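Observations on the three-dimensional arrangement
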Amino acid sequence: MPADVIIIGGGIVGLASAERLQAAGRRVTLIERAGIARGASFGNAGAFAFSDILPLAAAVRLSRLPRWLIDPLGPLAIPPAYLPRILPWLLRFWRAGRSDRIARSTMAQTALMRLAESEMAALTAAAGLAGMVRKEGSLELYESEGELAASAAGWQARSAAGIAFEHVRGERLAALQPGLSPRFPVGTFVPEWQTVDDPFTFATRLADHVIAAGAELVEAEATALRPEGETVAVTLADGCVLAARAAVVAAGAFSRRLTDPLGDRIPLETERGYNTTLPPGAFALRRQLVFGGHGFVVTPLSTGIRIGGAVELGGLDLPPDYRRSEAMLTKAAAFLPGLRREGGTQWMGFRPSLPDSLPVIGASRAGPRIVYAFGHGHLGLTQSAATGRLVADLLCGRAPAIDIAPFSPQRF
Ligand SMILES: Cc1cc2nc3c(=O)[nH]c(=O)nc-3n(C[C@H](O)[C@H](O)[C@H](O)COP(=O)(O)OP(=O)(O)OC[C@H]3O[C@@H](n4cnc5c(N)ncnc54)[C@H](O)[C@@H]3O)c2cc1C
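Since the structure is predicted, the reported quantities are computational estimates derived from the model, not experimental observations. (Residues numbered from 1 in each chain as written. Predicted model: local features only at pLDDT ≥ 70, side-chain atom pairs only at ≥ 80, totals over all residues. Heavy atoms only, no water.)

Description of helix 1 (residues 12–23)
Operational definition: Counting from the N terminus, the helices are the DSSP runs of H or I reaching at least four residues and the strands are the DSSP runs of E reaching at least two. Multiplying 1.5 Å by the residue count of a helix minus one yields the expected span of that helix.
Between the first and last C-alpha of helix 1 there are 16 Å, a value that for twelve residues agrees with the 16 Å anticipated at 1.5 Å per step. Of the residues trailing helix 1, G25 is marked for its positive phi of about 90 degrees.

A few points about the nonpolar core
How we decide: The criterion is simple. A nonpolar core is a set of buried Ala, Val, Leu, Ile, Met, Phe, Trp, Tyr and Cys residues joined through side-chain atoms within 4.5 Å. The cut-offs for exposure are 20% and 50% of the maximum accessible area for each residue type, with area from a 1.4 Å probe on protein chains only; residues under the lower value are buried, those over the upper are exposed, and the others partly exposed. Here, residues are in contact when the closest pair of their heavy atoms is within 4.5 Å.
Residues I7 and F202 are the most contacted members of the largest nonpolar core, which totals 62 residues. For I7, the contacting residues outside a window of four places in its chain are G14, S17, A18, L21, V28, T29, L30, I31, V248 and A250. Core analysis: the next-biggest nonpolar cluster, separate from the first, contains 29 residues, L289, F291, L339 and F350 among them.

Looking at the environment of F184
You can see F184 is positioned in the loop between helix 8 (170–176) and strand 8 (186–190). Overall, the relative accessible area of 4% leaves F184 in the buried class. For F184 and Y142, which are 42 residues apart along the polypeptide, the C-alpha to C-alpha distance reads 5.4 Å. Those residues within four positions of F184 in sequence are excluded, and the remaining contacts are L141, Y142, E143, L173, F291 and F335.

Focus: the packing of aromatic side chains
Quick reminder of the rule: Aromatic contacts are taken between Phe, Tyr and Trp rings whose centres are within 6.5 Å, Trp giving its six-membered ring; a plane angle under 30 degrees counts as stacked, one over 60 as edge-to-face, and the others as tilted. Any Lys NZ or Arg CZ that is within 6 Å of a ring centre and within 35 degrees of that ring's normal is treated as a charge sitting over the ring.
Counted by the stated rule, this structure contains 14 aromatic pairs. Relative to F202, the ring of F48 lies with its centre 5.9 Å away and its plane at 70 degrees, an arrangement referred to as edge-to-face. With a gap of 154 residues between them, F48 in strand 3 (residues 47–48) and F202 in helix 9 (residues 199–212) connect regions that are remote in the sequence. The exposure class of F48 is buried, given its relative accessible area of 0%. Taken together, the ring pairs in this structure connect F184, F291, F296 and F335 into an aromatic cluster. One residue, R33, lies across the ring of F254, its end atom 4.5 Å from the ring centre. One cation-aromatic arrangement involves R158 over W155; the distance from NZ or CZ to the ring centre is 4.3 Å.

Structure, rendered in structure tokens:
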């Protein structure tokens, strides 16, 4: 007998899809090749960044680019060997920065974020994970009033979307985060921003929940899938073939290896990100701090203080360059003078990224039984439950909770 729904990928998007499908009454088989949440979902910054509605192309300010690119360990790097490969993606990214496209993506992202907030609340309640969510807000920091003024358009767009925020200075700023370097005289507090205790623990506890609710975990690599009559056949690396009524590709940055052969040409790339996690107590952090001008965040987790971000457009095969983790740690020590920088663990992860900063959520060209759920870039944890809800809508024959046309795999 065929399985009901096979999900390829046991990262946060695959797991949230499993949970939302189970909540809709479907039986799930999860195929994961490297252990639950050992990909991008392992070491991210743990934010439910519901207010991040602007595409990256809008946030990357041209005035900053030369400074960023000149610094080989700066917030944005393109290893020369990878430049020819990434050029077509960069051109699409550039086009995504046109004002009409920014307006369209922001509208789509706003709808997805609203759904993300309500679906994440439903998922954490159902899975018993609500206690892992911290509702402390975030604090974005600027080195001058001019830097804040330069981000005004972004805050106006958030205001129009009904997102609350407060620009803070002086005592109010010091109360939100004591011990900051005076180099940052002004900040923006976003109260709705949430973080999890630890993204890996969050994902593994979600996996425990879906397995306890009946999901089967197959530890294997899926090498291909194809529709076959009323089913989908999924081939594993050992040659075994599993059949299911439907399949979901949630393989993060590696998804193209499965979707290209199905005729879908999706410009998925990876934005490699880096961090260092210091032991708990390395700094008395009140909430997540965002150093936008330097491309990194500092996050309080139950497992320590995580310092990281950055974007390296270097593909899936180059070895990690942990000097990037080191460079952000050095900056963080200057920005937070009391920070104890010893004893950290470094990490690099592959963000799965599309040039318009929107994920791919929708059916394959090959047929409606194969649904894609990947490409969430910087926001996969935040949007995992909403994606799961939309996947469940598609596979249960329900009208999608929001318009999914902007996320179509065929939009490129
Ligand atoms: C430094 C950094 C900080 C970040 N901070 C945040 C944040 O604060 N908030 C936020 O929302 N997002 C954040 N992100 C982004 C977020 O981590 C990703 O968008 C998200 O984890 C993607 O989840 P995923 O399940 O799609 O991919 P992954 O977590 O990579 O999972 C994909 C899984 O599929 C498996 N797989 C791949 N191919 C196959 C195959 N053929 N067969 C079987 N299994 C396969 C992989 O082993 C992997 O486990 C951050 C990312 C980075 C790098």
